[in-house]
Protein chains: 2
Amino acid sequence: MTNKPHLTFDLNIPGVSTGYLVVPEGTDHETLSLPVFYCNKGEGPRLLITGGCHGNELEGPIVARRLVDWLPKAQTCGKVIILPELNPLAVRAWTRNTPADGLDLNRVFPGRVEGSVTERIADAVSRVLVPSVETIFDLHSFGPDWEFPPASITHPVADADLMAKTLQMTEAFKLPVTLLWERDDTPGMFDTFAHSQGKVFVCAEFGGGTVGAVSLSIYEAGVRNALIALGLVEGKAEFPSFRHQKSGQTLETLSSDFLISPVPGIFEPRCAALDIVKKGDLLGILHSMDTLSADPQIIYAPAGSTVCAIRSGAHVEANERLVYLSRPLKL
Amino acid sequence: MTNKPHLTFDLNIPGVSTGYLVVPEGTDHETLSLPVFYCNKGEGPRLLITGGCHGNELEGPIVARRLVDWLPKAQTCGKVIILPELNPLAVRAWTRNTPADGLDLNRVFPGRVEGSVTERIADAVSRVLVPSVETIFDLHSFGPDWEFPPASITHPVADADLMAKTLQMTEAFKLPVTLLWERDDTPGMFDTFAHSQGKVFVCAEFGGGTVGAVSLSIYEAGVRNALIALGLVEGKAEFPSFRHQKSGQTLETLSSDFLISPVPGIFEPRCAALDIVKKGDLLGILHSMDTLSADPQIIYAPAGSTVCAIRSGAHVEANERLVYLSRPLKL
């Protein structure tokens, strides 16, 4: 045995392999063995699919499990590595961050071999899996407290060629929304690291509370569309049905495109994801918890836009993000 | 000041009052002042509406806030007390139970004046508010990890007259589902206490993760229908639109009508709330977290039934409830 992160099987073996990505023990946690599926059909695209980076976003792990079922028959060429649960500690706890060290796995890439358990997971993925592929699909969702449409997401990439290839791959999911999301907190994201290594990296996202049978089918259809676009499986890519439509739009969210809670209170959403709003339209209401005689705070749209994501009704502190706005992407 | 639970205003004053239900301090928590709204239009039905019993079920508090806005103009007679957040400590923490003492407010009724803070809240409600009304609507939901249709719920009541009146009131919400739910864990429930006092007690329930604008409108329409049926406000009661239909059904769930996880794993829902299933139909799949080479556990329908509630996809331990089944109520 080695004390370095490693796979328990050889990526050169043809056909299907199942085994583990071993994350070495540290002072804070014993050795982790993350189940990995691998389907090697020879020459062709090399793809890594990961889920369960955040433990309260379960669409990804479940869709990844479904792929494990049908990919061995459907895949016609290339190599696909599937790691359904990047962070089993967070999945078991149904928390975004790892309970053991409190870290967000998607903020510690490329990780540290001598770091805490979350950093060691990132290190194992960065070191053992990422170099073996050209393309990565990281299956996320917006978690239980946001409404968000089925979407594939990428972030701006400085390299123009990689940006173009990545945006094309993102649109290939043919989900209701393709989103170019400019974020101000990207250091340590899996995305940022993968892009720095020249990889095409796309996040699937999905929001809306319950992880149910209908939403899982839409999500799976998006991933299947992307596999078809890569040439890994045969078939015809088509938009899944969402709100009785089969169509998609490409939107852009800038790093300033969110609205925050001016005071603490109970947030009442008054619009839904993908609503098109005009300047001054009512988006939500913030009710005081302390009194029923004060006027509530009204959240208005600052400009014409498409609602991209909206917080679920709940108590919020001051300065929490409530709404993300967006507009059609102009290239 | 008194050290007993009390209201800060007089229920004999006509018109609108806002104030507080004061829950005395104890060794574990300081005095709590729960905001209360009251609209007294003289003779007529006397109703208590409560929300926020569980802190991660926010539909109720938000719909209660909406009522505070329009009830003063709409109410034509009678007396309505609204307490939007029964348990502000749990609402602020977005938890079912009270963080301070770990108790479920809906399992400690009628409470204890010398008990911990959750028991003191129950005591204040039981002692100060319940005796003033004949009817109680407690606005719940299924919380973020279940899919459940918009429903009004009651539990079996031994007194046949009270049962008939309660079921009639429950159906008056005209929500997609009216549910008579036989539970095996009713001691300490607000319902059980209220029924023991001869009150008509109905729970509104709602499931499906995100608390959004569309679901809030359905929920509010149900409460408005019930207010119309009581004669407190004028108007025409009609079924709200749900899944493009305007209709309702009355279902029954027995205390044995649930399916549990045989082993720990990731639960994948394969059906949706209100699906009609036959014996042997696939309801869900349980995937091992430890390996990708084991066969998953399949959850089948044990008999023909209507799916009443289904867990959101997530990691579950062994023996957790995954699905509630139901069938049309036969009286």
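Criteria and thresholds
Residues numbered from 1 in each chain as written. Chains lettered and ligands numbered in written order. Predicted model: local features only at pLDDT ≥ 70, side-chain atom pairs only at ≥ 80, totals over all residues. Heavy atoms only, no water. Pairing = 2+ DSSP bridges. Helix = DSSP H or I, 4+ residues; strand = E, 2+ residues; numbered from the N terminus. Axes fitted to C-alpha atoms, helices over the stretch in contact; angles between N-to-C directions. Contact = heavy atoms within 4.5 Å. Buried < 20%, exposed > 50% of the residue type's maximum accessible area, 1.4 Å probe, protein only. Buried area = accessible area lost by both parts, 1.4 Å probe. Salt bridge = Lys/Arg side-chain N within 4 Å of Asp/Glu carboxyl O. Least-squares fit on C-alpha atoms with pLDDT ≥ 70 in both. 1 Å grid on protein atoms, 1.4 Å probe; cavity = no way out; pocket = protein on both sides within 12 Å on 5 of 7 lines; lining within 4 Å. Points joined across faces, edges and corners; volume = space filled by probe spheres on them. Nonpolar A, V, L, I, M, F, W, Y, C, P; charged D, E, K, R; others polar. Parallel < 35°, antiparallel > 145°, perpendicular 65-115°, else oblique. Left-handed = near helix turned anticlockwise from the far one by under 90°. Expected span 1.5 Å × (residues − 1). Polar contact = N/O pair within 3.5 Å; in protein donor to acceptor, adjacent residues only side chain to side chain.

A. View of the sheet that holds strand 16 (residues 297-300) of chain B. Spatial ordering of the open sheet is given by 16-15-13-18 (chain B), a layout of four strands whose pairing is antiparallel. Unpaired on one side and paired on the other, strand 16 and strand 18 (314-316) of chain B mark the two borders of the sheet. Ignoring strand direction, the axes of neighbouring strands in this sheet form an average angle of 35°. Contacts from helix 1 (residues 59-74) of chain A reach strand 13 (265-269) and strand 15 (282-287) of chain B, with the element oriented near 85° to strand 13 of chain B.

B. Representation of unusual backbone geometry. That bond from A:F109 to A:P110 is cis: its omega, 5°, falls within 30 degrees of zero. One can find A:P110 in the loop between helix 2 (88-93) and helix 3 (117-129). Backbone geometry at B:R243 places phi at a positive 50°, although glycine is not the residue there. By the element assignment, B:R243 lies in the loop between helix 6 (213-230) and strand 11 (249-253). What makes B:R243 partly exposed here is its relative accessible area of 44%.

C. Here's a closer look at the interface of chain B and chain A. Chain B puts 47 residues into the contact, and the matching count from chain A is 47 residues. For the pairing of chain B and chain A, the buried interface totals around 3900 Å² over both sides, and the portion due to carbon and sulfur atoms is 63%. Looking only at chain B, the three residues that lose the most surface to chain A are B:R65, B:M289 and B:L292, adding up to 19% of its buried area. One can count four salt bridges joining chain B with chain A.

D. Representation of the environment of B:L283 in the model. Residues and elements named next belong to chain B. Relative to the assigned elements, L283 resides in strand 15. Between the C-alpha atoms of L283 and I310, which are 27 residues apart in sequence, the distance is 8.8 Å. The contacts of L283, once residues within four sequence positions are left out, are L259, P269, R270, C271, V277, I299, Y300, A301, V307, I310, V323 and L325.

E. Representation of the relation of the copies chain B and chain A in the model. The two copies are related by a screw motion: chain B maps onto chain A through a turn of 180° and a shift of 0.0 Å along the axis, at an RMSD of 0.0 Å. Such a combination of turn and shift is consistent with a two-fold rotation axis. Residues of chain B ranked by C-alpha distance from the rotation axis are headed by B:G209, positioned 1.8 Å from it. The overlap is high: 100% of the interface residues of chain B also sit at the interface in chain A, so the same surface is used on both sides.

F. Structural context of empty space enclosed by the protein. Counted by the stated rule, this structure contains four cavities of 30 Å³ or more. Its boundaries defined by the atoms lining it, the largest cavity holds a volume of some 80 Å³. The wall of the largest cavity is formed by 13 residues, among which A:N56, A:W94, A:G209, A:V211 and B:S312 lie closest to the centre. Tallied by class, residues from the lining of the largest cavity come to five nonpolar, six polar and two charged.

G. Structural context of the packing of helix 1 (residues 59-74) of chain B against helix 6 of chain B. Residue and element names in this part refer to chain B. Direction vectors running N to C along helix 1 and helix 6 enclose 55°, while the axes themselves pass 10 Å from each other. For the element pair helix 1 / helix 6, the angle class is oblique. Seen from above, helix 1 lies across helix 6 with right-handed handedness. Facing helix 1, whose interface residues are E59, G60, I62, V63, R66, L67, W70 and L71, helix 6 presents L216, S217, Y219, E220, V223, R224 and L227. Its residues assigned to classes, the contact of helix 1 with helix 6 shows nine nonpolar, two polar and four charged.

H. Structural context of the sheet that holds strand 13 (residues 265-269) of chain A. Read across the sheet, four strands follow the order 16-15-13-18 (chain A) without closing on themselves; strand pairing throughout is antiparallel. Because the sheet does not close on itself, it has two edges, and the strands there are strand 16 (297-300) and strand 18 (314-316) of chain A. The average undirected angle you get between the axes of adjacent strands in this sheet is 35°. Looking at chain direction, strand 13 of chain A and strand 15 (residues 282-287) of chain A are connected through four bridges and run antiparallel. Among the inter-strand pairings, A:F267 is bridged to a residue of strand 15 of chain A, identified as A:L286. In the packing of helix 1 of chain B onto the sheet, the strands contacted are strand 13 and strand 15 of chain A, and the crossing angle to strand 13 of chain A comes to about 85°.

I. Up close: helix 1 of chain A. Residue and element names in this part refer to chain A. For helix 1, built from 16 residues, the straight-helix expectation of 22 Å at 1.5 Å per residue is met to within 8% by its first-to-last C-alpha distance of 21 Å. The buried fraction of helix 1 amounts to 12 of the 16 residues, a majority that puts the element mostly inside the structure. Turning to helix 1, its buried residues number three or more, namely E59, G60, P61, I62, V63, A64, R65, R66, L67, V68, W70 and L71.

J. Spotlight on the pattern of salt bridges. Residues and elements named next belong to chain A. Counted under the stated rule, the structure contains 30 salt bridges over all chains. With a closest N to O distance of 2.9 Å, E320 and R311 form a salt bridge. The exposure class assigned to E320 is partly exposed, which follows from its relative accessible area of 24%.

K. The arrangement of helix 6 of chain B in detail. Under the 1.5 Å per step criterion, the end-to-end length of helix 6 of chain B is 26 Å for 18 residues, consistent within 8% with the ideal 26 Å. Just downstream of helix 6 of chain B, B:G231 is the residue with a positive phi angle, here 85°.

L. Seen up close, the environment of A:N319. Residue and element names in this part refer to chain A. The residue N319 is located in the loop between strand 18 and strand 19 (321-328) in this model. Judged by its relative accessible area of 56%, N319 falls in the exposed class. Separated by 277 residues in sequence, N319 and G42 place their C-alpha atoms 51 Å apart. With residues up to four places along the chain from it excluded, the contact list for N319 reads I260 and S261.

M. The arrangement of the pairing of strand 8 (residues 151-154) of chain B in detail. Residue and element names in this part refer to chain B. On strand 8, burial covers both faces: A151 and I153 on one face and S152 and T154 on the other are all buried. When strand 8 meets strand 9 (residues 177-181), the two strands line up parallel, connected through four bridges. Across the sheet, the residue bridging to I153 is L179, located in strand 9.

N. Geometry of the environment of B:E147. Residues and elements named next belong to chain B. Position of E147 among the secondary structure elements: in strand 7 (residues 146-147). Taking the C-alpha atoms as reference points, E147 and A273, separated by 126 residues in sequence, lie 6.2 Å from one another. Looking at E147, its side chain comes within polar contact range of the main-chain nitrogen of A273, at 3.2 Å.

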